[in-house]
Amino acid sequence: MLMTALWLALFFLLGAAVGSFINVVADRLPAGKSIISPPSHCSECQYKIPASDNIPIFSYLWLRGHCRNCGAAIPLRLFWVELGTAILFAFLFWHYGLNWELAIVAFYCCLFIVLLLIDLEHNILPNKIVYPAVIFAIVIAALGSIFGFEPRDIADTGFRLWIVDAAIGGSIGFVLLLLPALFYRGGMGWGDIKLAALIGLVTGFPLVLPAIFLAILSGGLTAAILLLFKLKSRKDAIPFGPFLALAAMATLFWGNDFINFLIRS
Ligand SMILES: [Zn+2]
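First, a word on scope: everything that follows refers to the structure included in this document. Predicted, not measured: the structure shown is a model, and the values here were computed from it.

Definitions and limits used
Residues numbered from 1 in each chain as written. Predicted model: local features only at pLDDT ≥ 70, side-chain atom pairs only at ≥ 80, totals over all residues. Heavy atoms only, no water. Core = buried A, V, L, I, M, F, W, Y, C linked by side-chain atoms within 4.5 Å. Buried < 20%, exposed > 50% of the residue type's maximum accessible area, 1.4 Å probe, protein only. Helix = DSSP H or I, 4+ residues; strand = E, 2+ residues; numbered from the N terminus. Contact = heavy atoms within 4.5 Å. Phe/Tyr/Trp six-rings, centres within 6.5 Å; stacked < 30°, edge-to-face > 60°. Axes fitted to C-alpha atoms, helices over the stretch in contact; angles between N-to-C directions. Parallel < 35°, antiparallel > 145°, perpendicular 65-115°, else oblique. Left-handed = near helix turned anticlockwise from the far one by under 90°. Nonpolar A, V, L, I, M, F, W, Y, C, P; charged D, E, K, R; others polar.

A word on the nonpolar core
Here comes step 1: Counting 59 residues, the largest nonpolar core has Leu 92, Tyr 108, Phe 112, Leu 198 and Phe 253 as the members making the most contacts within it.
Here comes step 2: Elements that contribute at least two residues to this core include exactly helix 1 (2-28), helix 3 (76-96), helix 4 (100-122), helix 5 (127-147), helix 6 (162-183), helix 7 (190-203), helix 8 (208-228) and helix 9 (241-264).
Here comes step 3: Once residues within four sequence positions are removed from consideration, Leu 92 is found in contact with Gly 97, Leu 102, Val 105, Ala 106, Cys 109 and Phe 253.
Here comes step 4: The next biggest cluster of nonpolar side chains, apart from the first, holds five residues, and it includes Ala 16, Tyr 60, Phe 79 and Ala 86.

What follows is the structure, encoded as C-alpha cells:
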C-alpha cells in the first residue's frame, strides 16, 4: 500500500517534469526554435529563469502566474499541462503497472498531447513530429513482431504479428479520414489524415475504429455546441487534431475493455 503510494507520487512528479518539457516543445517547435537551447527564459523580458523558479506546477503557484523580473503573465497553459501530465502519469502507472507497455503508452500520450496543443494554438499538425512518430510506430511494431512481444492493450486482435495489426489499423485510419476530406472541401486537412494514420498504427485494428469514431463524435458535438451558443461562426476553423489525440488516448486506455464489452453483450 505504502509502496503503491510512493510509486504514484514518483510518477506524478515524473509527469510534472515531462509536462514541463511538453510545454517547451509546444512553444518552440512551431516557431522553428531549438528545443534544447537557450534555457528557460521569460518570453517578455528574456530574464533567465533560475532553477528555483522553474519547478513544474509549484513555481507557477509561488509566482502567482507572473514573471519575477518583469511581472508579465505566464501562460496558464504551462500550469495545466504540467498538472495534467502529472495526473496522467500517475494514472498510467495505476492502469498498466510497472512494465514496458507503460513506457510505450506514456511515450505516445506525450506525443498526442504535444500535437493537441500545437493544433489548438496554431492550427497545424507539424510533419516534424508526425513523420518521425509514424516511423517509430512502424519500427517498434516490427521489432515486437520479430522478438515476439506485443502490448496487451494496444494491438490484440488475433493477428499473430503486431506489425500486421498496426499496418491494417494505419491504413484504415488513413482511409477513414481521406474519404470525408475528398468529399467535403475545407473540413479535414492533410494533417488530420496523417494523424489518423498514425493513430491507426498505434492502436492497431480494430481499436482504430472506436478511436476515429470517438474523435468524429466528440469533434462534431463540440462544433455543434460552439455554433449553437455562437462562440464560433461557420467561418471559424475548429481544429480536429485535439479530438483525434484525446480519442486515441482514451482508446489506448479503455478500447479493449469497450470491445470486450460489445462482444459479451
Ligand atoms: Zn519577464
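Some details on the packing of aromatic side chains
Here comes step 1: According to the stated counting rule, one finds 16 aromatic pairs in the structure shown.
Here comes step 2: On the basis of an interplanar angle of 45° and a centroid distance of 6.2 Å, the ring pair of Trp 7 and Phe 11 is categorised as tilted. Separated by four residues within a single helix, Trp 7 and Phe 11 lie in helix 1, roughly one turn from each other.
Here comes step 3: Residue class for Trp 7 comes out partly exposed when judged on its relative accessible area of 29%.
Here comes step 4: Here Phe 11 falls in the buried class, since its relative accessible area comes to 10%.
Here comes step 5: Measuring from ring centre to ring centre gives 5.0 Å for Phe 91 and Phe 253, while their planes differ by 65°; the resulting arrangement is edge-to-face. Remark: Phe 253 occurs in helix 9 and Phe 91 occurs in helix 3; sequence separation between them is 162 residues. Exposure class is identical for Phe 91 and Phe 253. Each is buried.
Here comes step 6: Members of the aromatic cluster, each reached through a chain of ring pairs, are Phe 91, Trp 94, Phe 253 and Trp 254.

Topic: the packing of helix 4 against helix 7
Here comes step 1: Look at helix 4 against helix 7: their axes get within 12 Å of each other, and the N-to-C directions meet at 165°. One finds that helix 4 runs roughly antiparallel with respect to helix 7. The hand of the helix 4/helix 7 crossing is left-handed. Only Asp 192, Leu 195, Leu 198, Ile 199 and Val 202 of helix 7 make contact with helix 4, whose side of the interface consists of Tyr 108, Leu 111, Phe 112, Leu 115 and Asp 119.

Some words on the packing of helix 3 against helix 4
Here comes step 1: Taken N-terminus to C-terminus, the directions of helix 3 and helix 4 make an angle of 155°; their axes are 11 Å apart at the nearest point. The orientation of helix 3 relative to helix 4 falls into the category roughly antiparallel. Judged by the sense of rotation from one axis to the other, the crossing of helix 3 with helix 4 is right-handed. For the pair formed by helix 3 and helix 4, the contact residues are Arg 77, Val 81, Thr 85, Leu 88, Phe 89, Leu 92, Phe 93 and Tyr 96 on the first element and Glu 101, Leu 102, Val 105, Ala 106, Cys 109, Cys 110, Ile 113, Leu 117 and Glu 121 on the second.
Here comes step 2: Within the contact of helix 3 with helix 4, the residues separate by chemical class into 13 nonpolar, one polar and three charged.

Describing the side chain of Arg 77
Here comes step 1: With respect to the helices and strands, Arg 77 occurs in helix 3.
Here comes step 2: Since its relative accessible area comes to 15%, Arg 77 is described here as buried.
Here comes step 3: If we ignore the near neighbours within four places in the chain, the residues touching Arg 77 are Asn 23, Ala 26, Asp 27, Leu 117 and Glu 121.

Comments concerning the environment of Val 134
Here comes step 1: One can find Val 134 in helix 5.
Here comes step 2: Sequence-wise, Val 134 and Ala 197 are 63 residues apart; in three dimensions their C-alpha atoms are separated by 8.2 Å.
Here comes step 3: When sequence neighbours within four positions are dropped, the list of residues in contact with Val 134 reads Leu 198 and Leu 201.

Some words on unusual backbone geometry
Here comes step 1: Note the cis peptide between Ser 37 and Pro 38, where omega equals -5°.
Here comes step 2: Along the chain, Pro 38 falls in the loop between helix 1 and helix 2 (58-62).
Here comes step 3: The omega torsion across Phe 205 and Pro 206 is 10°, close enough to zero to call that bond cis.
Here comes step 4: Along the chain, Pro 206 falls in the loop between helix 7 and helix 8.
Here comes step 5: Unlike most non-glycine residues, Lys 230 shows phi in positive territory, near 60°.
Here comes step 6: Considering the arrangement of structural elements, one finds Lys 230 in the loop between helix 8 and helix 9.

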